[in-house]
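Listed below are the residues making up each chain.
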Amino acid sequence: MTARHYHWWKHGVLYQIYPRSFADSSGDGTGDLRGLFSRLPYLADLGIDGLWLSPIFDSPMRDFGYDVRDYCAIHPLFGSLDDFDELVDRSHRLGIRIILDLVFNHTSDEHPWFIESRASKDSPRRDWYLWHGGRRLAGLPWRICRRPPNNWRAAFGGSAWTLDESSDEYYLHLFLESQPDLNWRNRDTERAMFEQARFWLDRGVDGFRLDVINYIVKDRQLRNNPYHLRWTFPRRHDQQLHRYDRNQPEAHEILRRFRALMDRYSETMLVGEVYPNEGRMEPEASASYLGNGSDELHLAFDFSLMETRFTGRAYRRTLERWYSAIPPDGWPTHVLSNHDKPRAMTRRCRGSLAKARVLAALLLTQRGTPFLYYGEEIGMRDGKLRRDSLRDPTGRKYWPFFTGRDRSRTPMQWNSGPNAGFCPPDVDPWLPLNTDYAGSGKAGGVNVEAGEADPDSLLNWYRRLIEVRRKRCELTHGSISFVGTHRKLLVYTRAHEERQVIVMLNFSGRERPAPPAGIPAASARILLSTHGDAPEARPEAPLRPYEARLVSAEGPANAEASARHGSGTR
Ligand code: NOJ
């Protein structure tokens, strides 16, 4: 493999940081950039190639940074522009790239663009947002029966339209009332937003994660969304099929123009968040934002893996569908957890370390770019938060039916000391820590220091997997073919040129025979196993409960394998 074939965003391991929760250096209980400086060596040691930072821009923080007041300023909670420049410099010296989180769909209502836009109907920036006079119920007087222009619901509750009394029109917000949606059909808005991106590219950032990128353009005629019959109480937003408030063709044109801008900066990357139309898995929708594989996003998130049941068969189905959706020149991503969803350790593994090891092996041996969510590597679980500690607007609104997203955003657990080493002992962290950071034994001692000290920890399992991934280009560049269909097992081959890595995952608490089709050739040897790496162990021995085994073999890939995804030559 030559350097020409190596793209950090394709073959590296990426790590999401929720900056408020990673490391606090200023002693105010909220994470910041200087706190992150001191943890860069930890991330380099883990084998991380790039960091995606959730928004650090100036913001009133109603949605914790996803409501931006100034795209070109760092929120003082996190530090200053100088701190940011230092972060880029320090990270680059360690071989770690920096990806910022750009919110294109909406701004804060405190952004100067919106303040100007709402000032009057004649404002030069009026058309930068989506305004509408509303509709009248037939025959009834306007003042009494004025209604929003259509039935669209905001993701965080209520109508997606709010009447601005002073300028006497409704504005659209697909999230909070304080997050007005921009009008991307206006080319001045586009130019201004691209300018904000250029500001960061010129400072040396390596790419952007684009928030809800499939929402940016809405139906021109503002048609009503249809309903479906699924029970989604109390979130009426989820009752609609989001046919008209997202996924409009013009979004692709905008992305193509943005990609052209990005391509002027070498080795930069765009990864987009794409939410499906119907609240269920839709990998094809995510993949469509990769365009022809080189003219829109470099990477798109698909969240199907998060929704998949813990069985070999279910994972195979999900993965095959995702791989089939990717255009021939496109590249997949894989992700188990993020700041909007319950952690996989809680939701899928129910706190079981054995299961978490299997999922880690699944994530880090797929074809495509894996994204880890901070703390996943030490087995952080969702925190148990009382109502009065909730900060997330959705959690506060829908409690107790839906407790919101705070539980997966609790502070990083560095050690077993006070406040887990996240912030000084005498300070209250912005969200309570999960109590499992302290103590020892099965349910305790979930922290980095404990993980480092224990050779069999989950942390050291992640490190070993990442190391193998780096060393074996079958795992970064190879094609993937699934072998056999078993409810409790998942077996696949990653092949590159004449070498293969065979991955066998046992999703059950029982011993299972290795499937005959998966038994590799005579040259085979075990590369890595959750149950010890004894070199004399037989690669074709039965898989022990929740075993993840990686086997190295020479020669052509298994003939009985399913369709191959990827040529194995990039
Ligand atoms: C998706 C982000 O991931 C989420 O955290 C945020 O609340 C919404 N977009 C609105 O920006």
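The structure this text deals with has already been given above.
Source: prediction; values computed, not measured.

A. Quick look at the sheet that holds strand β11 (residues 207-210). As summarised here, the arrangement of the eight strands in space is β13-β12-β11-β5-β2-β1-β15-β14, forming an open sheet in which the pairing is parallel. With one partner strand each, in any of the chains shown, β13 (299-300) and β14 (333-335) form the two edges of the open sheet. Inspection of the sheet shows β14 paired to strand β15 (residues 369-373) by three bridges, in the parallel sense. Bridging across to β15, His334 finds its partner in Pro370.

B. Representation of a nonpolar patch on the surface in the model. A surface patch of nonpolar side chains, amounting to about 460 Å² of accessible area, comprises Trp231, Phe233 and Phe401. Mapped onto the fold, Phe233 is located in the loop between β11 and α6 (250-262).

C. Region of interest: the packing of aromatic side chains. Throughout the structure, instances matching the rule amount to 36 aromatic pairs. Aromatic side chains Phe57 and Tyr71 sit 6.2 Å apart centroid to centroid with 50° between the ring planes, which places their arrangement in the tilted category. Here Phe57, found in strand β3 (residues 57-58), pairs with Tyr71, found in strand β4 (residues 70-74); they are 14 residues apart in sequence, far enough to count as distant. Each member of the pair Phe57 and Tyr71 is classed as buried. An angle of 45° between the planes, with centres 5.6 Å apart, marks the rings of Phe57 and Trp200 as tilted. With a gap of 143 residues between them, Phe57 in strand β3 and Trp200 in helix α5 (residues 187-202) connect regions that are remote in the sequence. Looking at Phe57, the relative accessible area reads 1%, which means it is buried.

D. Spatial organisation of the side chain of Gln366. Secondary-structure assignment places Gln366 in the loop between α11 (353-364) and β15. Among the polar contacts made by the side chain of Gln366, one reaches the side chain of Tyr323 at a distance of 2.6 Å. Ignoring sequence-local partners within four residues, the contact set of Gln366 consists of Leu319, Tyr323, His334, Arg469, Leu475, Ile480, Phe482, Tyr492 and Arg494.

E. Examining the site of the ligand more closely. Around the ligand lies a shell of 13 residues, among which Asp63, Asp211, His339, Asp340 and Arg405 are the nearest. In the environment of the ligand, an oxygen atom lies 3.1 Å from a nitrogen or oxygen atom belonging to the side chain of Arg209. Against a free-state accessible area of 290 Å², the protein chains account for coverage of 98% of the ligand. For the shell around the ligand, a count of residues per class yields four nonpolar, two polar and seven charged.

F. Here's a closer look at the pattern of salt bridges. Counted under the stated rule, the structure contains 43 salt bridges. The salt bridge involving Arg405 is made with Asp340; its shortest N-O contact spans 3.0 Å. Taken together, the residues Arg405 in the loop between α12 (393-398) and α13 (448-453) and Asp340 in the loop between β14 and α10 (344-347) connect sequence positions 65 residues apart. Comparing Arg405 with Asp340, the two get one shared label, buried. In this structure, Arg405 and Asp392 form a salt bridge, with 2.8 Å as the shortest nitrogen-oxygen distance. In this pair, Arg405 sits in the loop between α12 and α13 while Asp392 sits in the loop between β15 and α12, placing the two residues 13 residues apart along the sequence. On the basis of relative accessibility, which here comes to 9%, the residue Arg405 falls in the buried class. The class of Asp392 is buried, set by a relative accessible area of 0%. Salt bridges sharing common partners tie together Asp63, Asp340, Asp392, Arg405 and Arg409.

G. Representation of the packing of α5 against α6 within the structure. The contact between α5 and α6 brings their axes to 11 Å, and the two run at 30°. On the basis of the axis angle, α5 is roughly parallel to α6. Regarding α5 and α6, the two cross each other, and that crossing is right-handed. When α5 is examined against α6, the residues Arg187, Glu190, Phe194, Ala197, Arg198 and Leu201 are found in contact with a partner set consisting of Ile254, Arg257, Phe258, Leu261 and Met262. In terms of residue class, the contact of α5 with α6 is made up of seven nonpolar, no polar and four charged.

About the thresholds
Residues numbered from 1 in each chain as written. Predicted model: local features only at pLDDT ≥ 70, side-chain atom pairs only at ≥ 80, totals over all residues. Heavy atoms only, no water. Pairing = 2+ DSSP bridges. Helix = DSSP H or I, 4+ residues; strand = E, 2+ residues; numbered from the N terminus. Patch = residues over 30% accessible without salt bridge, like charges linked within 9 Å, V, L, I, M, F, W, Y side chains within 5 Å. Areas by Shrake-Rupley, 256 points an atom, 1.4 Å probe, with all protein chains shown as cover. Salt bridge = Lys/Arg side-chain N within 4 Å of Asp/Glu carboxyl O. Phe/Tyr/Trp six-rings, centres within 6.5 Å; stacked < 30°, edge-to-face > 60°. Buried < 20%, exposed > 50% of the residue type's maximum accessible area, 1.4 Å probe, protein only. Polar contact = N/O pair within 3.5 Å; in protein donor to acceptor, adjacent residues only side chain to side chain. Contact = heavy atoms within 4.5 Å. Near = heavy atom within 4 Å. Nonpolar A, V, L, I, M, F, W, Y, C, P; charged D, E, K, R; others polar. Axes fitted to C-alpha atoms, helices over the stretch in contact; angles between N-to-C directions. Parallel < 35°, antiparallel > 145°, perpendicular 65-115°, else oblique. Left-handed = near helix turned anticlockwise from the far one by under 90°.

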